Amino acid sequence: SSRNMGAGFIAALVLTLAIGVTLATKENVFARLIDDLFDDAGYAKVAIPMKKPAGKSSNINSINVAVGVSVISMDLAPRGVLSASTWLRTSWEDYRLQWDPNQYEGLDKINIPSSRVWKPDLSVYNAADFGAGSFQNLYDSDITNVLVYSTGKVLWIPPLPMKVNCNKDEVLMGADENEPQGCNIIVGSWTYDGFHLNLTAYGGEEYLELGDFAKNSPYVIKSQKGDAMKTKYYSCCEEPYMSMNFKFTVQKAFSIIEGEKVFNISPEELEELYGQYKYLFI
């Protein structure tokens with residue numbers, strides 16, 4: 001009868017709602033927040049998080065992206081190619097990733113795969129290698145998580161290798177490996193101008209960060225120039241193009257000869273140098 005059919009429909013509806021409530025209670029606050037930020041909001045990671053289009057003659061609508069480099073160890077090939085293990089330090093704000101912690105049990109930050117969010121298209125301008133295992137390859141591979149705060153701040157510090165052509169605009173004249181040699185690392189956006197992506201120094205530091213430098217690094221940094229922030233203009237256009245050009249000198253710390261470590265810089269001088277790395281070192 002229609003009455004029985006109606007009762008059956010109501011029972012089925014109640015059962016469906018009960019299952020839904022049960023499943024909802026099993027979803028923790030992290031899953032609920034991620035679902036709200038990305039799935040429900042239709043988050044588009046390919047879209048730069050600018051609230052308005054770029055200004056025609058200023059960076060008033062640009063997104064600030066902080067960039068820094070922490071060097072862990074380095075080596076220098078005779079042909080002038082520097083290989084370094086680094087932590088790329090980056091942060092920016094994505095207004096689409098803001099939330100009220102009170103609505104999520106006080107949760108004010110989450111760790112999520114970097115593949116879920118928009119990231120600046122940073123490149124090493126004087127890179128000496130590309131392809132598998134290179135800085136660009138691993139940067140684009142989303143190898144680590146990002147930390148997202150309820151304010152919309154995104155923090156990403158991936159460990160990345162760098163191979164750069166030292167002073168690529170100069171001809172190297174067979175410099176003595178036991179003497180300090182100049183080098184630089186240039187990092188910037190590959191496609192965005194300064195009216196879209198306003199590059200800033202991470203932590204306000206326009207120099208390489210050396211606080212975690214390894215004592216077994218074959219080469220050490222002897223000096224830094226600082227003032228890494230560079231802005232370039234072209235005659236065709238009003239918009240600036242920004243980069244971080246870290247200039248420094250490196251020197252061989254030791255060589256391995258017949259399995260033995262032979263110091264090019266005395267252990268005492270190296271220890272003093274490592275101590276200086278823990279503080280502002282320019």
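The preceding data block contains the structure.
Residues numbered from 1 in each chain as written. Predicted model: local features only at pLDDT ≥ 70, side-chain atom pairs only at ≥ 80, totals over all residues. Heavy atoms only, no water.

## Considerations on the pattern of salt bridges
Okay, step 1: With the rule as written, the count across this model stands at six salt bridges.
Okay, step 2: D108 serves as the salt-bridge partner of K109, at 3.8 Å between the closest nitrogen and oxygen.
Okay, step 3: Judged by relative accessible area, which is 39%, K109 ranks as partly exposed.
Okay, step 4: Here K222 and E269 are joined by a salt bridge, their closest N and O atoms 2.8 Å apart. Residue K222 is found in strand β10 (residues 219–224), and its partner E269 is found in helix α4 (residues 267–277); the two are separated by 47 residues along the sequence. (Salt bridge = Lys/Arg side-chain N within 4 Å of Asp/Glu carboxyl O. Buried < 20%, exposed > 50% of the residue type's maximum accessible area, 1.4 Å probe, protein only. Helix = DSSP H or I, 4+ residues; strand = E, 2+ residues; numbered from the N terminus.)

## A look at the packing of aromatic side chains
Okay, step 1: Enumeration according to the criterion identifies eight aromatic pairs in this entry.
Okay, step 2: Each ring, one from Y125 and one from W190, has its centre 6.1 Å from the other, and the planes form 65 degrees; the classification is edge-to-face. Of this pair, Y125 sits in the loop between β4 (122–124) and α3 (135–139) while W190 sits in the loop between β8 (181–189) and β9 (197–201), and the two are 65 residues apart along the sequence.
Okay, step 3: Classification of Y125 as partly exposed rests on a relative accessible area of 33%.
Okay, step 4: Residue classification places W190 among the exposed residues on the basis of a relative accessible area of 61%.
Okay, step 5: Cluster of aromatic residues (ring-pair linked, three or more members): F135, Y139 and W156. (Phe/Tyr/Trp six-rings, centres within 6.5 Å; stacked < 30°, edge-to-face > 60°.)

## Remarks on the state of the cysteines
Okay, step 1: Counted under the stated rule, the structure contains two disulfides.
Okay, step 2: Bridging C166 to C183, the disulfide has an S-S length of 2.0 Å. Of note, the bridge from C166 to C183 carries an S-S torsion of about -80 degrees and is left-handed in sense. Of this pair, C166 sits in the loop between β7 (159–165) and β8 while C183 sits in strand β8, and the two are 17 residues apart along the sequence. Like C166, the residue C183 is buried in the burial classification.
Okay, step 3: With a sulfur-sulfur separation of 2.3 Å, C236 is cross-linked through a disulfide to C237. Where C236 bonds to C237 through sulfur, the torsion about that S-S bond is close to -85 degrees, and the disulfide is left-handed.
Okay, step 4: Of the residues examined, C236 reaches a relative accessible area of 64% and is grouped as exposed.
Okay, step 5: In the protein, numbering the disulfide-bonded cysteines from first to last in sequence yields the connectivity 1-2, 3-4. (Disulfide = S-S within 2.5 Å.)

Function-wise, these values are silent; they only describe arrangement.
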